[in-house]
Amino acid sequence: MAELTYREAVAEAIAQEMRRDENVVFLGEDIGAAGGVFKATVGLFKEFGPERVRDTPISEQAILGAAMGSAMTGLRPIAEIMFSDFLAVCWDLVANEIAKARYMTGGQMSMPLVIRTANGGGSRFGAQHSQSVENWAMMVPGLKVVAPSSPADVKGLLAAAIRDPDPVMFFEQKSLYPVKGFVPDGELVDELGTAKVLRDGGDVTIVALAAMVPRAMKAAEELSDKHGIQATVVDVRSLVPLDTQTILREVTKTGRLVTVEENPRLCGWGAEIASIVADEIFWDLDGPIIRITTPHIPLPAADALEDATMPSAERIVREIVEKID
Amino acid sequence: MATKPRAAAKGKTPAKARAKAAPKRAAKAGTALANDDIGEDTRLAIWRSLLEIRHVEQRAYDLFLQNLIKGTSHLALGHEAVAAGFATAMQKDDWSFCTYRGHHHTLARGASMEGVLGELMGRECGLLQGKGGSMHLTSVEHGAMGSYAIIGAHLPIAMGAAWTAQYKKTGQVSVCFFGDGTTNIGAFHEALNMAAVWKLPVVFVCENNLYMEYTPIHDVTAVHNPAGDRAASYGLPKIVIDGNDADEVYRTAQTAFAKARAGDGPSLIECLTYRHSGHSRADPGDYRPPGELEAWLKKDPVPRYRERLAEFGISKDVIDGMDAEVLAQVDEATEISKASPPPGLELIDVDVWADGGTAWRN
Amino acid sequence: MDVIMPQLGETVSEGTVSVWHKSIGDAVSTKEPLFDVSSDKVEMEVPAPAEGTLLEIRVDAGTTVPVGEVVAIIVREGEVIEAKAAAPAAVRAEAEIAKADVAAVRSQSVKAANRDANGNPLSPAVRRLVAEHGLEPTAIAGSGLKGRIKKKDVLAYLESGATRAPGRRIPAPPLSYSADDTEVIPFNKLRKLTAEHMVRSKATSPHVLQAVEADFARVARARTGISAAWKKREGFSLTYLPFIAKAVCEAIRDFPRVNGAIDGENLVVFRRVNLGIAVDLDFDGLVAPVIKDADGMTLQELARAIRDVSERARTNQLKPDDFTEGTYTISNSGVFGTMITAPIINQPQVAILSTDGITKKPVVIETDEGDTIGIRPVGVLAQSFDHRAIDGAYSAAFLNRVREILQTKDWTAVLS
């Protein structure tokens, strides 16, 4: 076991896979010599050199096009899009090309690539550098979508993503980069499409993703200590494929579902979960489903405003105390 | 001169291999053939390719009028020389990328006619099993790595394939075909720049047919030669050629491929050509000035090459014989496609993922 | 006029109200501090922006708000305050979307059968358990918000082995009939409600029917005596019903347990007697409006009250308040000369009385000289009672008392 930060786990996962398979290559802006603007890829350039770790111009469409073209001809590229907001600049490649090539060509094209990107708010970067857009990717058929909440999950899930034969969008939450956690030693490969139950409780099931997971855990502790409410916390980890069985099982046990989503309200990932729950285990619901989300506004920049806008542990506690009886 | 019999309908031996396998003909002193760098066999391969494209596209036109081809089709009538010239110069393991106006490039790489016609008619025998349609013709086994419907998207993708060749040091080349309108979209700039910086083995070929959909290209482009005049922005030489002369296309392709394989980076080639029909089946082409079409029809690459072959001493029998042969093959392919049933409904729910499935949940 | 949190410094974005120097109603002025403000850079006294009176304090001492937010309202002399919406908080939590209104709309459409005893709609999990086990939701205690039933309450109820409502509401198989032979009359709203209530009542209370036959001679004499004068004075006839109602109220004093409701394993006995009077609406439905504190009324007042609720029932002028807090119900079918009726208890009460036809019958009259036969106006009083609340003996004793009052009270004196 080693204690790693979330950002160190990124570099370790990529290094692990690049050592293992010489077809794994990595490209993006400032990822090589500079080790990444978030310092999440430090050391890779030194170990693997400029042929395998390539710094690109500011050309998001070219970055993803290069990833797609190389993936369909035998390489296993990892492409970094620096801020997930910038996916909007190259969304054609993501949604129209990469996601659809295999299907449209009757199964001829292969697309074993990973797009990793720094997602989410909490860093005071303002509305265009703080969005949580994993829900955009969830909506496009043909993309696998992962958003880990801890260093161990980063390492294991990124390794799994790199080994996956399909295109994987890997959303790293930038506010979590400095967070430390224990990561098992040695080769680590997790499984996409699996959720994890982090905490058990009988009164309410909280389903959260990425940066919202630590907040949900903090809220669960306070709910138990101060309010006698015992919460189960489920970390979704993968939006596609979605581990619906775990979610349905855990919500059935308590009869109450609360989602905690960093996305703005409309069509956040939790809306789909709420829909599946209301469809498939309606008769096990003991009360209305509650979604705790960022309001449907661009994220304000000032720290006081940003903190008050994103779902906080305090707000999770407050909503649950008010609405879960 | 007897030609080698055409191989079985599905797939064909590429031009170079056929040229190599054919018995060398002793050059008659004094004839044009004697001093030629291209040679008869390659020319006949080019001729066959031109005929295949011309006849298939004409057939597609007819089938559309018979309402057997649904949706829309972007025909390449008039563009044959660009496809035939480049494809003949390519190696079997080179990769090509083209746009939604890509039937000619896909055929030229060796995809079967019934695969192409079948896909246009939405049949089971289609190259894509009916899943993609006219705008996405792909045959990975022939190195035809897709036809792309979003303008400019495939330029960086083609550049990515070149990266594989560079990384693995295979000597493969990636060839990317696009229209004049593409030179104005952002992805063009990004792909050219990065290909030049990384010195990737990719050849960008602009089929400048003077019209961006319904608009004259000059009305919307800041420079006269939409590709040629931008090459300097990427440190590349300006190359503008007669896209309707298959020999010129072939020679230019060879030069570009040699440069790429030697590790000297990308090329940007503008081929001047013209399309005989409208932008798509829905377009009768009324925006073209009177007389323009007629003038270009005089430069029609197919009759022009017929004359070229005659100039080089190839007999009319051979030339016409190949024409008749290809037409018969197109007829056969048409019948095969017509007889092929629509794709089974079970195909709807396959091939999103590598495991063949479409599941997003457990 | 708004009083706002002042800008305390260039890079300061918020401030804390540390203390209010004035209370609501006090005079305020620009020359004295109204409140103190602190931020991590500055401590400051803030005077009122104008002369006037402090009308409202929006932000309590100790609270931090952004610069520019309204912290109080003052009224200047001659100023008229418009009702302004309160300045939005820095964050509008998702919950503030008018969920309360939506919830109210939603829950109005929930049928009575899918609500618990406190009127809360049942959750899906609870409904499922109720259906699976054939339970009566109004019998289950709820531990949730506003007394709503949670799934665990149902599970606890099942485990406790509490009496279950016998027989689940099993829907009958669909009828088949030819359109030519039938007239189909759809249930109106009242009929639907009545149907639901009646089924539920029978499923909840184990009904026992008990009857006594009462001799109405004294009542009849008193009634006939005053009949014309009454009619002239009051504008309506004096029927037997007010007499019966009076007797019932008095008998309840001696036998209060018929005037109650079941709550779990308790019989709740009501101190007030709020008498429900069943009124038929021209064969188009049955309602039972309540006369509150009937036991405190005189016979005449009772008669008028009965008349009032009947009239208002027939002219559709009853209010929701007319249906609340009933404790005992009288159903007067006797108008049509019935012999006996077994009424259905008006939930959540534990008993209901049916007064049937009063007709002249030969009866045995005991005198000191021996038994003779006489002709007397006789009628059956039939009570349905909930056997969970009381037993036959108690019910019988109550009925006996009612009869006794009817037969022995000096009704003539009462009416004069």
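Above this text sits the structure in question.
Residues numbered from 1 in each chain as written. Chains lettered and ligands numbered in written order. Predicted model: local features only at pLDDT ≥ 70, side-chain atom pairs only at ≥ 80, totals over all residues.

Colleague: Hey, could you run me through the packing of helix α1 (residues 6–20) of chain A against helix α2 (residues 44–52) of chain A in this one?
Modeller: Packed helix pairs are characterised by how far apart their axes lie and by the angle those axes make with each other. Residue and element names in this part refer to chain A. The contact between α1 and α2 brings their axes to 11 Å, and the two run at 55°. Considering the angle they form, α1 stands oblique to α2. Here α1 runs over α2; the crossing is left-handed. Contacts from A11, I14, A15 and M18 in α1 reach L44, E47, F48 and R52 in α2. Of the residues belonging to the contact of α1 with α2, the class tally is 6 nonpolar, no polar and 2 charged. (Axes fitted to C-alpha atoms, helices over the stretch in contact; angles between N-to-C directions. Helix = DSSP H or I, 4+ residues; strand = E, 2+ residues; numbered from the N terminus. Parallel < 35°, antiparallel > 145°, perpendicular 65-115°, else oblique. Left-handed = near helix turned anticlockwise from the far one by under 90°. Contact = placed C-beta atoms within 7 Å. Nonpolar A, V, L, I, M, F, W, Y, C, P; charged D, E, K, R; others polar.)

Colleague: How should helix α2 (residues 124–133) of chain C be read in this particular structure?
Modeller: Given 3.6 residues per turn, any residue in an α-helix points the same way as the ones three and four places further on. Residue and element names in this part refer to chain C. Within the sequence span of α2, burial applies to A125, V126, L129 and V130. With its buried residues spanning 135° around the axis, α2 presents them on a single face. Facing away from the buried side of α2, by more than 90 degrees, are the exposed residues A131 and E132. For α2, the elements touching its buried residues are α3 (151–159). A positive backbone phi angle near 60° is found at G134, which sits one or two residues after α2. (Buried ≥ 20, exposed ≤ 12 C-beta atoms within 10 Å, placed from the backbone. Arc of directions from axis to C-beta.)

Colleague: I would appreciate a short explanation of the interface of chain C and chain A in the present structure.
Modeller: How big an interface is tends to be stated in terms of accessible area lost as the parts join. Contacts between the two partners involve 17 residues from chain C and, on the opposite side, 18 residues from chain A. The greatest single-element share of the side of chain C that touches chain A, amounting to 4 residues, is contributed by α2(C). For the side of chain C that touches chain A, the class distribution of residues is 8 nonpolar, 3 polar and 6 charged.

Colleague: What should I look at first to understand the environment of D283(B) in this one?
Modeller: Residues and elements named next belong to chain B. By the element assignment, D283 lies in the loop between β8 (267–272) and α10 (292–297). Separated by 69 residues in the primary sequence, D283 and Y214 place their C-alpha atoms 8.5 Å from one another. Setting aside residues up to four positions removed in sequence, D283 forms contacts with Y214 and G278.

Colleague: Would you take a moment to explain the interface of chain A and chain B for this structure?
Modeller: With 42 residues of chain A at the contact, the number on the chain B side is 38 residues. Counting residues per element, the ones that place at least two in the side of chain A that touches chain B are α3 (60–71), α4 (91–98), α5 (101–104) and α9 (244–254) of chain A. Taken together, the residues of the side of chain A that touches chain B break down into 18 nonpolar, 18 polar and 6 charged.

Colleague: Sorry, what's going on with unusual backbone geometry here?
Modeller: Residue V240(A) is joined to P241(A) through a cis peptide bond whose omega torsion reads -5°. Positioned with a positive phi, R124(A) is a non-glycine residue whose angle comes to about 65°. Structurally, R124(A) is set in the loop between β5 (114–119) and α6 (134–138). Positioned with a positive phi, N67(B) is a non-glycine residue whose angle comes to about 60°. Relative to the elements of secondary structure, N67(B) occurs in the loop between α2 (40–65) and α3 (80–89).

Colleague: What should I look at first to understand the sheet that holds strand β12 (residues 238–240) of chain A in this one?
Modeller: Strand pairing in a sheet is mediated by backbone hydrogen bonds. Such pairs are either parallel or antiparallel. All names here are of chain A. Pairing within the open sheet is mixed, and its 7 strands lie in the order β3-β2-β4-β5-β7-β6-β12. One side of each edge strand has no neighbouring strand; the edge strands of this open sheet are β3 (53–55) and β12. Across the sheet, the mean angle separating the axes of adjacent strands is 20° when strand polarity is ignored. Examined bridge by bridge, strand β2 (residues 24–28) and strand β4 (residues 76–83) share 4 bridges and lie parallel to one another. Looking at β4, one finds that V24 is bridged to R76. (Pairing = 2+ DSSP bridges.)

Colleague: Looking at this structure, I do not really get the nonpolar core. What am I missing?
Modeller: General note: in soluble globular proteins, nonpolar side chains tend to be found buried as a group. Formed by 202 residues in total, the largest nonpolar core has its most connected members in M159(B), C176(B), V203(B) and V205(B). Two domains each donate at least three residues to this core, and these are domain 1 (2–183) and domain 2 (196–323) of chain A. Beyond its immediate stretch of four places on either side in the chain, V205(B) contacts V82(B), F86(B), V175(B), C176(B), F177(B), I269(B) and C271(B). (Core = buried A, V, L, I, M, F, W, Y, C linked by C-beta atoms within 7 Å. Domains from an automatic or database assignment.)

Colleague: It is not clear to me how the packing of α2(C) against α3(C) should be interpreted in this structure. Could you clarify?
Modeller: Residue and element names in this part refer to chain C. It is the contact of α2 with α3, at a shortest axis distance of 8 Å, that shows an interaxial angle of 25°. Classified by the angle their axes make, α2 and α3 are roughly parallel. Considering how the two elements wind past one another, α2 and α3 form a crossing that is left-handed. The segment α2 lies against α3, with A125, V126, L129, V130 and H133 engaging K151, V154 and L158.

Colleague: Is there a simple way to explain helix α8 (residues 212–227) of chain A in this structure?
Modeller: Residue and element names in this part refer to chain A. Its 16 residues give α8 an end-to-end C-alpha distance of 21 Å, which sits within 8% of 22 Å, the value for a rise of 1.5 Å per residue. Every buried residue of α8 is accounted for by M212, V213, P214, R215, A216, A219, A220 and L223. Buried-residue contacts for α8 involve β9 (196–199), β10 (204–208), β11 (231–235), β13 (257–264) and α12 (313–323). Positive backbone phi, approximately 65°, marks G228, located one or two places after α8. (Expected span 1.5 Å × (residues − 1).)

Colleague: Help me out: how do you make sense of the sheet that holds strand β6 (residues 52–57) of chain C in this one?
Modeller: Residue and element names in this part refer to chain C. As summarised here, the arrangement of the 4 strands in space is β1-β8-β6-β3, forming an open sheet in which the pairing is antiparallel. Each edge of the sheet is formed by a strand with only one pairing partner; in this case those strands are β1 (2–4) and β3 (27–28). With 2 bridges connecting them, β3 and β6 associate as antiparallel partners. Following the sheet pairing, A27 is matched in β6 by T53.

Any functional reading would require information beyond the geometric quantities listed.
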